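The primary structure of each chain is shown beneath.
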Amino acid sequence: MKRLLIVLTLLAAVACGESSSGVDGFAANVQVSFATQRPAPPAASLARVASLAGDTLVVGSDTLILSSAEVVLKEIELKRLEVADCDDAGNVDDDACEEFAAGPVLVSLPLGPGAEERFALVIPAGTYTEVEFDIHKPDDGNPVDQAFVAANPAFADISIRVQGTFNGTAFVYTSDLNVEQELPLLPPLVITDASSATNLTILVDVDRWFRTAAGSLIDPATANKDGANEGVVKENIKNSVEAFEDEDRDGDDD
């Protein structure tokens with residue numbers, strides 16, 4: 001029942017675009033935020049310009065402007081210190097991993113600086129060493145996924161959708177990436193009691209998505225299904241995610 005209440009509260013918060021104040025009258029002790037860039041150093045290059053309008057990347061004569069980036073996530077869990085794998089935790093201890101969104105849920109990634117809260121929840125005291133979740137392509141044979149697609153028709157068989165322009169030409173990039181992410185928390189997230197509040201940030205570095213190994217920009221249109229750069233961008237996305245405690249919500253673990 002505890003997990004069910006957490007899941008229902010979080011799903012309602014995502015659907016409304018707002019965070020919850022907690023479960024069963026308790027104030028939320030962990031806010032879960034998302035960010036797409038770390039704070040820029042004082043002498044940061046002008047090659048990246050963040051604004052409320054989106055994220056602009058300039059390399060040589062190429063300009064990539066991202067106006068939106070959305071990701072479907074499923075089975076978002078925090079793993080306790082003593083647990084080897086959340087997938088096996090149910091066979092040992094129902095409280096071994098805390099699930100705070102069963103999903104699928106659609107997360108709109110913030111493209112400006114800083115971290116933006118997407119979930120707020122009550123987590124029991126303990127030491128948590130990892131965040132686990134799936135980047136999830138909805139399955140048309142799953143009733144829960146069918147309901148999600150009915151509410152979000154642009155995400156039929158799609159887990160990621162990005163819009164923007166490349167050298168002035170509009171694009172829509174979509175991916176059917178379906179992969180589990182296991183993100184270590186270093187240092188671990190330590191929750192002492194329900195009144196000790198903190199923020200956990202999941203950083204998705206979209207700067208890395210549409211780039212070659214040498215750092216030049218990739219036209220996102222060439223990374224769509226069966227495109228020349230489909231595999232490169234999928235690997236970039238899988239390797240672009242990390243998580244950490246981020247009390248000041250600046251998108252950095254310092």
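Below is a summary of the structure that appears in this document. (Residues numbered from 1 in each chain as written. Predicted model: local features only at pLDDT ≥ 70, side-chain atom pairs only at ≥ 80, totals over all residues. Heavy atoms only, no water.)

Turning our attention to the overall build of the chain. Looking only at helices and strands, one finds four helices and 13 strands in the chain. Looking at the 254 residues of the chain, the share that counts as buried comes to 48%. Here the analysis covers contacts within the chain between residues at least 6 apart in sequence; of these, 74% occur between residues at least 24 apart. Per element, the accessible surface of the chain, about 11,800 Å² overall, is 53% carbon and sulfur. (Helix = DSSP H or I, 4+ residues; strand = E, 2+ residues; numbered from the N terminus. Buried < 20%, exposed > 50% of the residue type's maximum accessible area, 1.4 Å probe, protein only. Contact = heavy atoms within 4.5 Å. Areas by Shrake-Rupley, 256 points an atom, 1.4 Å probe, with all protein chains shown as cover.)

Turning next to the nonpolar core. Core analysis: the biggest nonpolar cluster contains 47 residues, and I202 and W209 have the highest contact counts within it. Among the elements that take part in this core, strand β4 (residues 62-80) stands out by supplying seven residues, more than any other. Not counting the four nearest positions on each side in its chain, W209 is found in contact with V71, L109, I160, V162, V204, V233, N236, I237 and S240. (Core = buried A, V, L, I, M, F, W, Y, C linked by side-chain atoms within 4.5 Å.)

Tracing the backbone shows S240 in the loop between α4 (230-238) and β13 (241-245). Taking C-alpha positions, S240 is 8.6 Å from D207, a pair spaced 33 residues apart along the chain. Of note is the side chain of S240, whose polar atom sits 2.8 Å from the side chain of W209. (Polar contact = N/O pair within 3.5 Å; in protein donor to acceptor, adjacent residues only side chain to side chain.)

With that settled, the discussion passes to the sheet that holds strand β7 (residues 116-121). Whenever strands of a sheet pair, they do so through backbone hydrogen bonds, lying parallel or antiparallel. On the basis of which strands lie adjacent, the open sheet formed by four strands has the order β7-β1-β12-β13 and mixed pairing. The open sheet has two edge strands with one neighbour each: β7 and β13. Between one strand axis and the next, the sheet turns by 20 degrees as a mean value, whatever way the strands run. In terms of strand pairing, strand β1 (residues 30-35) meets β7 through five bridges, oriented antiparallel. Within β7, the position partnered with V32 by the bridge is F119. (Pairing = 2+ DSSP bridges. Axes fitted to C-alpha atoms, helices over the stretch in contact; angles between N-to-C directions.)

The next thing to look at is unusual backbone geometry. At the junction of L186 and P187, the peptide bond is cis and its omega measures out at 0 degrees in the coordinates. Topologically, P187 is positioned in strand β11 (residues 179-191). With phi around 55 degrees, R249 is a residue other than glycine that occupies positive phi space. With respect to the helices, strands and loops of the structure, R249 is situated in the segment after β13.

Here E230 lies in helix α4. Using a relative accessible area of 15% as the deciding quantity, one classes E230 as buried. With near-sequence residues (within four places) excluded, E230 lies in contact with D176, T222, A223, N224 and K225.

Turning to the packing of aromatic side chains, a few remarks are in order. According to the stated counting rule, one finds four aromatic pairs in the structure shown. Relative to F119, the ring of F34 lies with its centre 6.3 Å away and its plane at 85 degrees, an arrangement referred to as edge-to-face. Residue F34 is found in strand β1, and its partner F119 is found in strand β7; the two are separated by 85 residues along the sequence. Overall, the relative accessible area of 2% leaves F34 in the buried class. Overall, the relative accessible area of 0% leaves F119 in the buried class. With a centroid separation of 6.3 Å and an interplanar angle of 75 degrees, the aromatic rings of W209 and F210 are classed as edge-to-face. (Phe/Tyr/Trp six-rings, centres within 6.5 Å; stacked < 30°, edge-to-face > 60°.)

Residue placement: V71 occurs in strand β4. By relative accessible area, which is 7% here, V71 ends up buried. Residues V71 and V105, 34 residues apart in the sequence, show an inter-C-alpha distance of 8.3 Å. Contact partners of V71, with chain neighbours within four places excluded, come to V105, L106, V107, L109, I135, S159, I160 and W209.

Function cannot be read off these values alone, since they describe shape.
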